[in-house]
There are 2 protein chains.
Amino acid sequence: MTQGPRLTPLADRLPASVPFVGPEAQERARGRPFTARLGANESVFGPSPRAIAAMERAARETWMYADPESHDLRAALAAHHGIGPEHIMIGEGIDGLLGYLVRLTVGPGDTVVTSAGAYPTFNYHVAGYGGTLVTVPYAGDHEDPEALIAKAAEVGAKLVYLANPDNPMGTWHEAGKVAAMIAAVPDGTLLVLDEAYIEFAPAGTAPPLAPEDPRVIRMRTFSKAYGMAGARVGYAIGAAPMIEAFNKVRNHFGMARISQAGALAALADQDYLDEVRAKVSVARGRIVDIAAANGLSALPSAANFVAVDCGADGAFARRVLTELAARDIFVRMPFVAPQDRAIRISAGTPTDLDRLKRALPEALAAARAFPG
Amino acid sequence: MTQGPRLTPLADRLPASVPFVGPEAQERARGRPFTARLGANESVFGPSPRAIAAMERAARETWMYADPESHDLRAALAAHHGIGPEHIMIGEGIDGLLGYLVRLTVGPGDTVVTSAGAYPTFNYHVAGYGGTLVTVPYAGDHEDPEALIAKAAEVGAKLVYLANPDNPMGTWHEAGKVAAMIAAVPDGTLLVLDEAYIEFAPAGTAPPLAPEDPRVIRMRTFSKAYGMAGARVGYAIGAAPMIEAFNKVRNHFGMARISQAGALAALADQDYLDEVRAKVSVARGRIVDIAAANGLSALPSAANFVAVDCGADGAFARRVLTELAARDIFVRMPFVAPQDRAIRISAGTPTDLDRLKRALPEALAAARAFPG
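Residues numbered from 1 in each chain as written. Chains lettered and ligands numbered in written order. Predicted model: local features only at pLDDT ≥ 70, side-chain atom pairs only at ≥ 80, totals over all residues. Heavy atoms only, no water.

1. Focus: the overall build of chain A
No. 1: A tally of regular secondary structure across chain A gives 13 helices and 12 strands.
No. 2: Relative to a compact globule of 372 residues, whose C-alpha radius of gyration would be 21 Å, chain A shows 21 Å and is just as compact.
No. 3: Taken along its principal axes, the extent of the C-alpha atoms in chain A is 60 × 55 × 50 Å.
No. 4: Sorting the 372 residues of chain A into buried and exposed places 64% on the buried side.
No. 5: Residue pairs in contact within chain A that sit at least 24 positions apart in sequence constitute 74% of those at least 6 positions apart. (Helix = DSSP H or I, 4+ residues; strand = E, 2+ residues; numbered from the N terminus. Rg over C-alpha atoms; globule rule 2.2 N^0.38 Å. Buried < 20%, exposed > 50% of the residue type's maximum accessible area, 1.4 Å probe, protein only. Contact = heavy atoms within 4.5 Å.)

2. What to know about the relation of the copies chain A and chain B
No. 1: Between chain A and chain B, which share one sequence, the superposing operator has a rotation angle of 180 degrees and an axial displacement of 0.0 Å; the RMSD is 0.0 Å. Taken together, the rotation and translation relating the two chain copies correspond to the operation of a two-fold axis. Rotation axis and chain A: the residue whose C-alpha lies nearest the axis is E56 of chain A, separated from it by 2.3 Å.
No. 2: Interface overlap between copies is the fraction of interface residues in one copy that are interface residues in the other; for chain A against chain B it reaches 100%, indicating a shared surface. (Least-squares fit on C-alpha atoms with pLDDT ≥ 70 in both.)

3. Regarding the interface of chain A and chain B
No. 1: Taken together, the contact pairs 91 residues of chain A with 91 residues of chain B.
No. 2: Interface of chain A and chain B: buried area, both sides summed, is about 7300 Å²; carbon and sulfur atoms make up 58% of it.
No. 3: When residues of chain A are sorted by the area they lose upon contact with chain B, W63, Y65 and K248 of chain A head the list and together hold 12% of the total.
No. 4: One can count 8 salt bridges joining chain A with chain B.
No. 5: The partner of R28 of chain B in a salt bridge is E69 of chain A, with the nearest N and O atoms 3.0 Å apart. (Buried area = accessible area lost by both parts, 1.4 Å probe. Salt bridge = Lys/Arg side-chain N within 4 Å of Asp/Glu carboxyl O.)

4. Looking at the pattern of salt bridges
No. 1: Within this structure, the stated rule accounts for 44 salt bridges over all chains.
No. 2: Among the ionic pairs, R341 of chain A bridges to D141 of chain A, the shortest N-O distance being 2.5 Å. Here R341 of chain A is found in the loop between strand 11 (329-330) and strand 12 (342-346), whereas its partner D141 of chain A is found in the loop between strand 4 (132-136) and helix 7 (145-155), with 200 residues between them in sequence. Here the two residues R341 of chain A and D141 of chain A agree in accessibility, since each one is buried.
No. 3: Note that R327 of chain A and E362 of chain A form a salt bridge whose closest N and O atoms lie 2.9 Å from each other. With R327 of chain A in the loop between helix 12 (314-326) and strand 11 and E362 of chain A in helix 13 (residues 350-369), the pair connects residues that are 35 residues apart, well separated along the chain.
No. 4: With relative accessibility at 44%, the residue E362 of chain A sits in the partly exposed group.
No. 5: Within the structure, one salt-bridge network assembled from shared partners comprises E24, R37 and E42 of chain A together with E61 and R257 of chain B.

5. Some remarks on helix 2 (residues 23-30) of chain B
The α-helix advances 3.6 residues per turn, and as a result positions three or four apart in sequence lie on the same side.
No. 1: Burial in helix 2 of chain B covers these residues: P23, E24 and A25 of chain B.
No. 2: In this structure, the buried side of helix 2 of chain B is in contact with helix 10 (257-268) of chain A together with strand 1 (36-37) and strand 11 (329-330) of chain B.

6. Looking at the packing of helix 3 (residues 49-59) of chain A against helix 10 of chain A
Residues and elements named next belong to chain A.
No. 1: Two elements in contact, helix 3 and helix 10, have axes whose closest approach is 8 Å; the angle formed by their N-to-C orientations is 155 degrees. Here helix 10 runs roughly antiparallel to helix 3, going by the angle between their axes. Seen from above, helix 3 lies across helix 10 with right-handed handedness. Counting all contacts with helix 3, which are made through R50, A51, A54, M55, A58 and A59, the residues of helix 10 involved are I258, A261, G262, A265, A266 and A268.
No. 2: For the contact of helix 3 with helix 10, the residue count by class is 10 nonpolar, 1 polar and 1 charged. (Axes fitted to C-alpha atoms, helices over the stretch in contact; angles between N-to-C directions. Parallel < 35°, antiparallel > 145°, perpendicular 65-115°, else oblique. Left-handed = near helix turned anticlockwise from the far one by under 90°. Nonpolar A, V, L, I, M, F, W, Y, C, P; charged D, E, K, R; others polar.)

7. Re the sheet that holds strand 4 (residues 132-136) of chain B
Residues and elements named next belong to chain B.
No. 1: Here 7 strands make up an open sheet; going across it, the order is 2-8-7-6-5-3-4 and the pairing mixed. The open sheet is flanked by strand 2 (88-91) and strand 4, the only strands paired with a single partner. Each neighbouring strand pair of the sheet contributes to a mean axis angle of 20 degrees, computed without reference to strand direction.
No. 2: Note that strand 5 (residues 159-163) and strand 6 (residues 190-194) share 5 bridges and pair parallel. Residue pairing across strands places V160 opposite L191, the latter belonging to strand 6.
No. 3: Against the sheet, helix 5 (residues 93-105) contacts strand 2, strand 5, strand 6, strand 7 (216-221) and strand 8 (234-237), and its axis sits at roughly 155 degrees relative to strand 7. (Pairing = 2+ DSSP bridges.)

8. A look at helix 2 (residues 23-30) of chain A
No. 1: Buried positions along helix 2 of chain A lie against strand 1 (36-37) and strand 11 of chain A together with helix 10 (257-268) of chain B.
No. 2: Positive phi shows up at G31 of chain A, right after helix 2 of chain A, with a value of about 85 degrees.

9. Focus: the domain arrangement of chain A
All names here are of chain A.
No. 1: Taken domain by domain, chain A comprises domain 1 (20-46 + 271-369) and domain 2 (50-268).
No. 2: Relative placement of domain 1 and domain 2: their C-alpha centres are 25 Å apart.
No. 3: Tallying the contact residues gives 26 residues for domain 1 and 25 residues for domain 2.
No. 4: Here domain 1 meets domain 2 over a buried area of about 2000 Å², counting both sides, of which 64% is carbon and sulfur. (Domains from an automatic or database assignment.)

10. Focus: the pairing of strand 10 (residues 305-309) of chain A
Residue and element names in this part refer to chain A.
No. 1: With 5 of its 5 residues buried, strand 10 lies for the most part within the structure.
No. 2: The alternating pattern of strand 10 places F305, A307 and D309 and V306 and V308 on opposite faces, both of which are buried.
No. 3: When strand 9 (residues 297-298) meets strand 10, the two strands line up antiparallel, connected through 2 bridges. Bridge pairing in strand 10 places A298 opposite V308.
No. 4: Linking strand 9 back to strand 10 in an antiparallel pair, the connection comprises 6 residues.

11. Some words on the packing of helix 12 (residues 314-326) of chain B against helix 13 (residues 350-369) of chain B
Residue and element names in this part refer to chain B.
No. 1: Taken N-terminus to C-terminus, the directions of helix 12 and helix 13 make an angle of 130 degrees; their axes are 8 Å apart at the nearest point. If you check the angle between helix 12 and helix 13, you find them oblique. As for how helix 12 packs across helix 13, the hand of that crossing is right-handed. Residues F316, R319, V320, E323 and L324 of helix 12 pack against L356, A359, L360, A363, L364, A366, A367 and R368 of helix 13.
No. 2: Looking at side-chain class alone, the contact of helix 12 with helix 13 contains 10 nonpolar, no polar and 3 charged residues.

12. Quick look at the side chain of D328 of chain A
All names here are of chain A.
No. 1: Mapped onto the elements of the fold, D328 is located in the loop between helix 12 and strand 11.
No. 2: The class for D328 is buried, based on a relative accessible area of 16%.
No. 3: Each residue touching D328, except ones within four places of it in the same chain, is listed here: R30, R32, P33, F34, T35 and A36.

13. Description of the sheet that holds strand 2 (residues 88-91) of chain A
Residues and elements named next belong to chain A.
No. 1: In space, the 7 strands of this open sheet follow the order 2-8-7-6-5-3-4, with mixed pairing throughout. Each having just a single partner strand, strand 2 and strand 4 make up the two edges of the open sheet. Across the sheet, the axes of successive neighbouring strands diverge by a mean angle of 20 degrees, strand direction being ignored.
No. 2: Where strand 3 (residues 111-115) and strand 4 come together, 5 bridges link them in parallel fashion. Looking across to strand 4, one finds that V112 is bridged to L133.
No. 3: Packed on one face of the sheet, helix 4 (residues 71-81) meets strand 2, strand 7 (216-221) and strand 8 (234-237) and runs near 130 degrees to strand 2.
No. 4: The sheet strands contacting helix 7 are strand 3, strand 4 and strand 5 (159-163), and the helix crosses strand 3 at an angle near 165 degrees.

14. Regarding the packing of aromatic side chains
No. 1: Scanning all chains against the criterion turns up 16 aromatic pairs over all chains.
No. 2: Centroid distance F20 of chain A to Y119 of chain A: 6.2 Å. Interplanar angle 35 degrees. Geometry classified as tilted. Placement of the pair is F20 of chain A in the loop between helix 1 (9-13) and helix 2 and Y119 of chain A in the loop between strand 3 and helix 6 (120-128), with a sequence separation of 99 residues.
No. 3: Of the residues examined, Y119 of chain A reaches a relative accessible area of 14% and is grouped as buried.
No. 4: The ring of Y129 of chain B has R103 of chain A sitting right over it, with the charged end atom 3.7 Å from the ring centre. (Phe/Tyr/Trp six-rings, centres within 6.5 Å; stacked < 30°, edge-to-face > 60°. Lys NZ or Arg CZ within 6 Å of the ring centre and 35° of its normal.)

So, in structure tokens, the structure goes:
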């Protein structure tokens, strides 16, 4: 028997890493399910009933490949945003689009700038294409636009990444600050503005769309406010030449047909989106209250989750997270100090948050009793 | 305003090519729908009713990300095939898996061998990662295993591709011939054995699974016999180290949750698969009869489509295809001579084939009347 395939030198040295372990894997390891799924910033309120109905109808059409141009969804998004469809690329979630974008722009020897502790799947793609990641720290639990731009200029970055609102902290910058960042993007650098959570943010958080601007590409998704994480529908808004470049590398027939149908119906139901926003706002307030009742402070959030400062270091926050998991509550936490003093709790249903309210005092007590 | 992003040198020189134009794009250009969708080798008979029901049920769960390990589906496939789950990787269709595989193994300067006129999406990925494609011709409308292996050895290929049954011709090799090909794979080369259509082939077409063999990776899909092209569920069977390597680069959260649920239910309904096989067999026979009634010969097929030899050159076959489209029949054709003397017609419903039967004589007459 022969030796089998030779991986490329780059692939050979990549770890078989996983940006996130899914809750299902944890449930299999635990031998029992979580009773509150508050770790992945999914929308527990689900998709619009109209989207569910559209997906149910589309189930029997799944023998057909999806339209590789996602024409109808792209047209609807263009109308929704008041821009031309040539500025929109639909893809398999923001994760998929980030992968294509990094592939198009980053190779060995290229540098990319992000915040230490920002979205790890972006970092995974950068490493996966051989890029060098350079980080700047958060400033007061906010990503730091000036520092990001300064570092991008210093290292000649191909990409610089900002999430607004930020994940995992939930903090945000006002539109004017982001617009100033866009204006300062160095020549040859592209700002990746990840707006996965933008629908939850206060008015005035997103700068106006200027899709012809080649300095920025903006990422949006149906995974969060639209409640369709499992459908894998994201979209990029950018200058037409950048958008067109995705056609060089993307998996043209990569979209699920049911997902396209669901996203189209979800977009058309903005009233439902408003309901979700209201429910998320209530849930955020309850998480703040639950934290306060336990002597913890919650960070202000413009997303569908709240980072709760556990009041000590990362090791302590990890114990709290572990103790919550032992009580069947799934949450996640930031990876990098000092942000890792917090745990990140997704906006849950009232029942989910009742469970959190019961479990948190016990989890904190158990974490504090841990032999230091 | 600055210049915007700099693409990598490789991305910069890639064309914004599309392996296939979708029928929806053609319908938009025509201004009316096709009445028989027989061009993409989809299964017009649809998925199992149990799969449809499972997808309908899963629609309201689409707020959750799918299990990134596709644990349940992988376990079910492992049991179905009598192999360990460590030999199976689930991905976003064979197209997605081919992309990951090429990324793992092929970079600039690497060579890949395939047949001239074989699956273009594989070639798209090879070009997309900077590989050099070397082709050998078909032999009597069959892919030529000996020539593929000889060329792979000659050029030191990283990958050599064979589809069995073949697409676009529908021809196939018996298991013994494929096993001999596997045994002859040169050291350092990996055979990509694309078995997308294997469920339609006669017993004795697929060599026994020997998943520990590092010389071959086999690609299977729910897009064809299982009738779920729009769901994007494929899987690779291979040696555990090769399968594990996908975790270095894949989009871990890339699967749609509804699609996983549908595939799991489809796999469990093997009786329905038998029904589909029987219907496809009948449809193939009818396509042969319709061809014969028009004085054309059909190639023997072990897939869910039939290549019909239009009896002249590629230009003539293309005119037939165009004339069929003018009569609302969507079909495709091979890209490379002399295989491009044929058009490729997917197994249709009785109604679809009634329409083909009416349209084909007119289309042939119109094509023959074309001013040469």
